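What follows is each chain in one-letter form.
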Amino acid sequence: MNRTAFIHTGSYLHLATLKDPAVIAMDIADVYAPELSPGGLDDFDAVYVAARLHPGVREAIAPILIDFLNRDGARMYIDGENGVGQWLPGTTETSRGTNFWAWRIGEDVGRRSVNQEHPMWQRLSQRSVHWHYHGVLDHPDAAVPLVVLKDFDDGVDDSADPWGLEYRAIPGHRNTLMYYDESTFTAELVVSTMDASYHHGAGFMPGASQLLYRMFGWLREARVSKPWTRRD
């Protein structure tokens, strides 16, 4: 039987997600990150790293998360706003501004779904990945981008959010918003700069809820194929 962990740092948004009846019905395990120690993920097949973990806790558990990625048959999803460029090997992240309502008012900010023949698109949908983002990723060459920002000139000069941060693509950058990677680690990995569990727990942004549920569905199909010996 699959065991999927939801790793969080106890914000009300994380706790609200865990109390969602749909999440409860999926038998997702509540794993409080400050109490996670080496070996604490040994019995799990999959891990959902909740959005916006406390930075100090995230730094402390990063080696445990990376160690988990050495499990054959395991899966991990890293939700947005988790500073992956600081701890995930092979990935860098550049922050971007946030246009919260582009999906609703029809502004084309350059988001594009790509590599749609990839099997991950059997789990995803356009609604689940086109709401907003908090950064762009560069990643290992073997990883498969799923959602990117297109660098284009549409004559719009004002592309900053209310805090003055630009949110369009960076010229010459991969500008990836979500990718799938089955080559860098033994486990399968999906990384995103969309913070689904944050907005689901906050009770707004319907696309975020779609992404949360869909990623839980993908994680729950993971099957660790053989016993695992944790590296010392």
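Report on the accompanying structure.

About the thresholds
Here the residue numbers are simple positions, counted from 1 along each chain's written sequence. The predicted nature of this model means local features are confined to residues of pLDDT at least 70 and side-chain atom pairs, given and counted, to a pLDDT of 80 or more, with totals for whole chains, interfaces and linings taken over all residues. Computation of side-chain values covers all heavy atoms of the structure but excludes hydrogens and water. The aromatic pairing rule takes the rings of Phe, Tyr and Trp, using the six-membered ring of Trp, and pairs them if the centres are within 6.5 Å, calling planes under 30 degrees apart stacked, those over 60 edge-to-face and the rest tilted. In this description a helix means any DSSP run of H or I spanning at least four residues, a strand means any run of E spanning at least two, and both kinds are numbered starting from the N terminus. Whether a residue is buried, partly exposed or exposed follows from its accessible area with a 1.4 Å probe, protein chains only, as a fraction of its type maximum: under 20%, in between, or over 50%, in that order.

Concerning the packing of aromatic side chains
Under the definition given, this model contains seven aromatic pairs. Considering the side-chain rings of Phe6 and Phe216, the 6.1 Å spacing of their centres and the 55° angle between planes classify their relative orientation as tilted. Here Phe6, found in strand S1 (residues 4–8), pairs with Phe216, found in helix H7 (residues 206–219); they are 210 residues apart in sequence, far enough to count as distant. The residues Phe6 and Phe216 share a single accessibility class, namely buried. Ring plane angle 45° and centroid distance 6.1 Å describe the contact between Trp101 and Trp103, whose orientation is recorded as tilted. Judged by relative accessible area, Trp101 falls into the partly exposed class, the value being 39%. A relative accessible area of 31% means that Trp103 is categorised as partly exposed.

Digging into unusual backbone geometry
Of all residues except glycine, most have a negative phi; of all peptide bonds, most are trans. Although it is not a glycine, Arg52 sits at a positive phi angle of roughly 60°. Residue position: Arg52 is located in the loop between strand S3 (46–49) and helix H3 (55–68). Residue Arg52 is classed as partly exposed on the basis of its relative accessible area of 30%. Of note in this structure, Asn175 is not a glycine but carries a positive phi near 55°. Examined against the element boundaries, Asn175 turns out to sit in the loop between strand S8 (144–149) and strand S9 (176–181). Here Asn175 falls in the buried class, since its relative accessible area comes to 1%.

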